[in-house]
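Residue-level structural notes
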Amino acid sequence: MLSRIPPRVAVRKNAPIELPHVMLLVDDPEKTVIEPLADQTGSMEVLYDFDLMEGGGHIKGWELTEEQRKQTANALSALADPAKFNARYGTGDEPVLLFAVGDGNHSLATAKECYERQKRLTPPEHWDKLPARFALVELDNLHDASLEFEPIHRLVFGVEPEELLAELAAACPQDGAGHRLTYVYGETQGTVVVSQAASRLPVGALQSFLDGYLLRHKGARVDYIHGEDVVRKLASQPGTVGFLLPVMGKEELFPTVIHDGVLPRKTFSMGEAQDKRFYLEARKIRD
């Protein structure tokens, strides 16, 4: 969302370091990239090892050796083999999607914009030496058991629920199998079935409709909610309808991005808020 980038650029453009919230996910079911390193910590240098505040537990971090960096790079290269990629996803000759970028806070998009701004003030021969050329990211295996997808539900305010649902049904006529969307308002709960033609995901079909609906109904607004209990409570208010969305399966992520492109905004959250990690690593982004 382009409107969210300028205020983040204002914060970042003069900052000396970054502590980002950018996740790169790799589809590595055989666990060839990250997991082997867990058995090799004996040869690594410990960077930190301490208790976290407020009952956050304990954390320990290591620095990879040069050999382990090469090992990781080679494993990533193997995942990026075009023939294996197309065989895995049943594609013809698609470009390889090695990383799925989780950038819900627009950190990576902001980092790129700040780098582009520095390039305009720097001779081209010095571009590759700018600290801002690279962004700090967190690499995760989609198949790590600790990485859980949580649904993000929708609440629509300032509407007549029955009129909205009628428009939704009319806008998404059925032509066979479809997505079942659960809705709640007041004391009412039900389901509406919408075509899969708009998106491979229920959230995609719903978001496509809501984007158009908001343009036609200036008094309506949408909020994105974690937790079914919160949706039900807020949907009991007059003029409000909630949509309870199913969680997206991990196995759907890469095929959906490959076939449909960028996911609808707020498709899922990675983990519950209380389980998310502390920001520890930082890198220099200005001389």
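Residues numbered from 1 in each chain as written. Predicted model: local features only at pLDDT ≥ 70, side-chain atom pairs only at ≥ 80, totals over all residues. Heavy atoms only, no water.

1. A word on the packing of helix H1 (residues 5-12) against helix H4 (residues 107-120)
Put simply, the rule is: Geometry is summarised by axes, namely lines fitted to C-alpha atoms with helices restricted to the contacting stretch, and by angles between N-to-C directions that run from 0 to 180 degrees. Runs of E in the DSSP output that reach at least two residues are strands. Runs of H or I that reach at least four are helices, and both are numbered from the N terminus. In this scheme the handedness of a crossing depends on how the near helix is turned from the far one: anticlockwise by less than a right angle means left-handed, clockwise means right-handed. Should any heavy atoms of two residues lie within 4.5 Å, those residues are considered in contact. The nonpolar class holds Ala, Val, Leu, Ile, Met, Phe, Trp, Tyr, Cys and Pro. Asp, Glu, Lys and Arg form the charged class, and all remaining residues, Gly among them, are polar.
Their axes nearest at 9 Å, the elements H1 and H4 cross at an angle of 65°. For H1 against H4, the interelement crossing comes out right-handed. Note on element contacts: H4 touches H1 through Ser107, Ala109, Thr110, Ala111, Glu113, Cys114 and Arg117, opposite Ile5, Arg8, Val9 and Arg12. Class assignment of the residues belonging to the contact of H1 with H4 gives a composition of 5 nonpolar, 2 polar and 4 charged.

2. Remarks on the sheet that holds strand E6 (residues 138-141)
Quick note on the threshold: In this scheme, strands are said to pair when DSSP sees at least two bridges between them.
Taking strand neighbours across the sheet as the criterion, the 3 strands line up as E5-E2-E6 in an open arrangement whose pairing is mixed. Where the open sheet ends on each side, the last strands, each with one partner, are strand E5 (100-102) and E6. The sheet shows a mean angle of 30° between the axes of neighbouring strands, taken without regard to direction. In terms of strand pairing, strand E2 (residues 23-26) meets E5 through 3 bridges, oriented antiparallel. The partner of Leu24 across the bridge, within E5, is Val101.

3. Section: the packing of aromatic side chains
Cut-off, in case you're wondering: A pair of Phe, Tyr and Trp rings is counted when the ring centres sit within 6.5 Å of each other, with Trp represented by its six-membered ring. The angle between the planes then sorts it: under 30 degrees is stacked, over 60 is edge-to-face, the rest tilted. Think of it in three bands: residues with accessible area under 20% of the maximum for their type are buried, residues over 50% are exposed, and the middle band is partly exposed, with areas taken using a 1.4 Å probe on protein chains only. Charge over a ring is defined by NZ of Lys or CZ of Arg lying within 6 Å of the ring centre and within 35 degrees of the ring normal.
Taken as a whole and judged by the stated rule, the model has 6 aromatic pairs. When the centroid spacing of 5.6 Å and the interplanar angle of 40° are considered together, the rings of Phe209 and Tyr213 count as tilted. Placement of the pair is Phe209 and Tyr213 together in helix H6 (residues 202-216), with a separation of 4 residues, close to one helical turn. The exposure class of Tyr213 is buried, given its relative accessible area of 3%. Every member of this aromatic cluster is reached through a ring pair, and the members are Phe85, Tyr89 and Phe254. Positioned above the aromatic ring of Trp127, the side-chain terminus of Lys119 is 4.6 Å from the ring centre. Here the guanidinium or amino end of Arg221 rests over the ring plane of Phe157, the centre of that ring lying 4.3 Å away.

4. Brief notes about the confidence of the model for the chain
It should be kept in mind that the predicted coordinates are not to be read in detail where pLDDT is low. Stated formally: pLDDT is a residue-level measure of predictor confidence that goes from 0 to 100.
Summing up the model confidence of the chain, the mean pLDDT is 88 and the portion of residues at 70 or higher is 94%. The least confident element of the chain, judged by mean pLDDT, is strand E13 (residues 268-270) at 81; the most confident is helix H2 (residues 66-79) at 97.

5. Considerations on helix H5 (residues 161-171)
The line we're drawing: The arc in question is the one spanned by the directions pointing from the helix axis to the C-beta atoms.
Listed in full, the buried residues belonging to H5 are Pro161, Leu164, Leu165 and Leu168. Each buried residue of H5 sits inside an arc of 95° when the element is viewed along its axis, so together they form one side. Away from the buried face of H5 by more than 90 degrees, exposed residues Glu162, Glu163 and Ala170 are located. Of the surrounding secondary structure, the elements contacted by the buried residues of H5 are strand E8 (153-157), strand E9 (178-185), strand E10 (188-195), H6 and strand E12 (240-244).

6. Side note on the environment of Lys70
Inspection of the secondary structure assignment puts Lys70 in helix H2. Considered as a pair, Lys70 and Lys60 are 10 residues apart in the sequence and their alpha carbons are 22 Å apart.

7. Some words on the side chain of Arg12
Along the polypeptide, Arg12 turns up in helix H1. In this structure, Arg12 is in contact with Glu18, Ser107, Thr110, Ala111, Cys114 and Ile285, ignoring residues within four places of it in sequence.

8. Some remarks on the pairing of strand E3 (residues 45-51)
Across 6 bridges, the pairing between E3 and strand E4 (residues 58-63) is antiparallel. Note that in E4 the partner of Asp49 across the bridge is Lys60. Between E3 and E4, which follow one another and run antiparallel, lie 6 residues, and Glu54 among them has a positive phi close to 55°.

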